[in-house]
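Summary of structural features
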Amino acid sequence: MIVNIFFIIFARIFLQSKLFHFLFIIRSHSQATKPSPERSSQNPVTKMAASNTIVGTINFITLLLSIPIIGAGIWLANEPDNSCVKILQWPLIILGISISVVALLGFVGGCWRITWLLIVYLVAMFILIVLFACLVVLIYLVTNKGSGHPAPGRTYLEHDLDDFSGWLRRKVASPYKWNRIRACLNSTDMCSELNQRYRIAQDFFNARLTSIQYGCCMPPAECGYTYINPTYWLTPNNTAASMDCLQWSNDQMQLCFHCDSCKAGLLANLTKEWRSVDIILLITLVVLICVYLIGFCCALRKSKPGDGDTSPRRNKENT
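None of the values given here were measured: they were computed from a predicted structure. (Residues numbered from 1 in each chain as written. Predicted model: local features only at pLDDT ≥ 70, side-chain atom pairs only at ≥ 80, totals over all residues. Heavy atoms only, no water.)

1. With respect to the overall build of the chain
Secondary structure assignment for the chain yields 14 helices and four strands. Taken over 319 residues, the chain has a buried fraction of 37%. (Helix = DSSP H or I, 4+ residues; strand = E, 2+ residues; numbered from the N terminus. Buried < 20%, exposed > 50% of the residue type's maximum accessible area, 1.4 Å probe, protein only.)

Rendered as C-alpha cells:
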C-alpha cells in the first residue's frame, strides 16, 4: 500500500517536471524526421539515376537509328548500277552522322544536367526529323512514276524518259551531267560482259538484265533491228522509228548511250533501288519520332525546378 502511494506521488511530480516536457519534444521531433517507407522510396539520388538511365537509353537508341541511314547511303554509293549517279548517297550519310552527333549532345546534356545542351538537342533533333521526313516524302514522290511498258516482241519492260518525274529528268538532261554519267557507265563493262555471257539470241532475250542494260546496250525494240549479238545489231535501210534508233551505233563505246532509252533505263533502275531504301527509311523515321517524343517528355521533367534537386538548401527546406 505504501509502495503504491509512493509511486503515484512520484509519477505526478515527474509529469509536472520540465524533464518530461523536454523528452516529449525530442521524441516528437524524432518521429517527424524519421523517413517513411514511401518517402525513402522516392530518394532524389535514386530518381536522378533512373532519369539519367532513361536519357542514356534514349540517346543510345537514337545512335542505333542513325546506322541504317548511314548504311543506306553507303550502300547506294557502292551499288554498281547506281554508283555513277550520286544524288541520294551523300544527303543520307550527312543526315545519319548529324543525328548521331546530336544524340551524343543529348546524352551529355541529360547525364550532366546541362540545360543549354538539352535545349540544343531538342531543337536540332526536331529540325533533323523534319528534314528526314521531307526526304522520305520526296523519295516516295519521285519514285512513284516510271512503271514501264512491255516491249514489242520482248519479255522485258521498256521505259520512256517522260514517264519519270521532272526532278529526276533534270538530273540527266544536262549534256555536261550526262557525259560524266556516260563515261562512268562505259567504264563498268556492263555491256561487253553480255557478249561473253549470252551466245544464243533466245537466251539473251529471256535473260533478266537490268534496266540500264536494256536501255543502253541494245537498240529499242521499236527499231526492229536484227540481232547478231547483244551489242551488235543489223540496221534496216528503211526510216528509223524514233530518234533513239538514229542514235544507235554498233561502236562498242557508243551503242545507245546517247539515247533517251538509256537515260530512262538508268532512272528506272535508280527508282527501283530508292523504293527499297525508302521503306527502310520510313520505318526508321517512325521509330525515331517515337524515341524523340519520349526524350522530349523526359527533358521536360528534368527541367522542372524541384525535380531531382539534391542541393543542401533543398534538403534543409524538406527537413
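2. A look at the UniProt feature "transmembrane region" (unreviewed entry) in the chain
Mapped onto this numbering, the UniProt entry annotates "transmembrane region" (unreviewed entry) at residues 6–26, 54–76, 88–109, 116–142 and 279–300. As a span, residues 54–76 carries 100% helix and 0% strand, and end to end its C-alpha atoms are 34 Å apart. Between the end C-alpha atoms of residues 88–109 the distance is 32 Å, and the span holds 95% helix and 0% strand. (UniProt positions renumbered as here; feature names shortened; annotations may be inferred.)

3. With respect to unusual backbone geometry
Across residues other than glycine, the phi torsion is negative in most instances, and most of the peptide bonds are trans. The phi dihedral of D189 is positive, around 60 degrees, even though this residue is not glycine. Turning to its location among the elements, D189 is positioned in the loop between α8 (175–186) and α9 (192–197). One non-glycine residue, L255, adopts positive backbone phi at about 45 degrees. Take L255: it is sitting in the loop between α12 (243–247) and α13 (260–302).

4. Some thoughts on the packing of helix α5 (residues 89–111) against helix α6 (residues 115–142)
Two numbers describe how α5 lies on α6: the axes approach to 9 Å, and their chain directions differ by 155 degrees. Considered as vectors, α5 and α6 are oriented roughly antiparallel to each other. Of the two possible hands of crossing, α5 and α6 adopt the one that is left-handed. For the pair α5 and α6, the contacting residues are L92, L95, S98, I99, V102, A103, L105, G106, V108, G109 and G110 in the first and L117, L118, V120, Y121, A124, M125, L128, F132 and L135 in the second. (Axes fitted to C-alpha atoms, helices over the stretch in contact; angles between N-to-C directions. Parallel < 35°, antiparallel > 145°, perpendicular 65-115°, else oblique. Left-handed = near helix turned anticlockwise from the far one by under 90°. Contact = heavy atoms within 4.5 Å.)

5. Re the packing of aromatic side chains
Across all of its chains, the model carries seven aromatic pairs by this definition. Consider the rings of W167 and W274, whose centres lie 6.5 Å apart with planes at 45 degrees: the pair is tilted. A residue pair is termed long-range when its members are at least 10 positions apart, and W167 in helix α7 (residues 166–173) and W274 in helix α13 qualify at 107 residues. According to the relative accessible area criterion, W167 is partly exposed, its value standing at 28%. Summarising the aromatic geometry, the rings of Y198 and F204 are spaced 6.0 Å apart at their centres and angled 65 degrees between planes, so their arrangement reads as edge-to-face. You'll find Y198 and F204 in the same group, each marked buried. (Phe/Tyr/Trp six-rings, centres within 6.5 Å; stacked < 30°, edge-to-face > 60°.)

6. Describing the side chain of R182
For R182, the position within the fold is in helix α8. Residues within four places of R182 in sequence aside, it is in contact with M253, F257 and H258.

7. Quick word on the pairing of strand β3 (residues 226–229)
Here β3 pairs with strand β4 (residues 232–234) via three bridges, running antiparallel. Within β4, the residue paired with N229 across the bridge is Y232. Where β3 folds back on β4, the antiparallel hairpin that results is connected by two residues. (Pairing = 2+ DSSP bridges.)

8. Focus: the pattern of salt bridges
Counted under the stated rule, the structure contains one salt bridge. Between R197 and E193 there is a salt bridge, with the nearest N and O atoms lying 3.8 Å from each other. In this pair, R197 and E193 both sit in helix α9, four residues apart, roughly one turn of the helix. (Salt bridge = Lys/Arg side-chain N within 4 Å of Asp/Glu carboxyl O.)

9. Digging into α8
The α-helix advances 3.6 residues per turn, and as a result positions three or four apart in sequence lie on the same side. The end-to-end C-alpha distance of α8 is 16 Å, a good match for the 16 Å that 12 residues give at a rise of 1.5 Å each. Listed in full, the buried residues belonging to α8 are W178, I181, R182, L185 and N186. Seen from one end, α8 has its buried residues packed into an arc of 135 degrees, which puts them on one side. (Expected span 1.5 Å × (residues − 1). Arc of directions from axis to C-beta.)

10. Here we look at a nonpolar patch on the surface
On the surface, I119, V123, F126, I127, V130 and L131 cluster together into a nonpolar patch covering about 550 Å² of accessible area. Secondary-structure assignment places V123 in helix α6. V123 sits in the partly exposed class, given a relative accessible area of 47%. (Patch = residues over 30% accessible without salt bridge, like charges linked within 9 Å, V, L, I, M, F, W, Y side chains within 5 Å. Areas by Shrake-Rupley, 256 points an atom, 1.4 Å probe, with all protein chains shown as cover.)

11. Observations regarding the environment of V287
Along the chain, the position of V287 falls in helix α13. Sequence separation between V287 and T62 is 225 residues, and the spatial gap between their C-alpha atoms is 9.0 Å.

12. Here we look at the nonpolar core
L92, L185 and W274 are the most contacted members of the largest nonpolar core, which has 68 residues in total. Those elements that place two or more of their residues in this core are α4 (44–78), α5, α6, α7, α8, α11 (211–216) and α13. Of the residues forming this core, the biggest block, 13 residues, is contributed by α13. Residues within four places of L185 in sequence aside, it is in contact with C84, W178, M190, I212, F257 and C262. (Core = buried A, V, L, I, M, F, W, Y, C linked by side-chain atoms within 4.5 Å.)

13. Regarding the state of the cysteines
Overall, the coordinates contain five disulfides when judged by the stated rule. In this model, C84 is linked to C184 through a disulfide, with the two sulfur atoms separated by 2.0 Å. On the sign convention where negative means left-handed, the S-S torsion of about -75 degrees between C84 and C184 marks this disulfide as left-handed. Here the residue C84 occupies a position in the loop between α4 and α5, and C184 occupies one in helix α8, the gap between them amounting to 100 residues. Residue C223 pairs covalently with C245 via a disulfide, S to S 1.8 Å. On the sign convention where negative is left-handed, the bridge of C223 and C245, at about -95 degrees about the S-S bond, is left-handed. Within this pair, whereas C223 is found in the loop between α11 and β3, its partner C245 is found in helix α12, the two being separated by 22 residues in sequence. Accessibility expressed as a relative area gives 10% for C223, which makes it buried. C245 sits in the buried class, given a relative accessible area of 3%. Ordinal numbering of bonded cysteines along the chain defines a disulfide pattern of 1-2, 3-5, 4-10, 6-7, 8-9. (Disulfide = S-S within 2.5 Å.)

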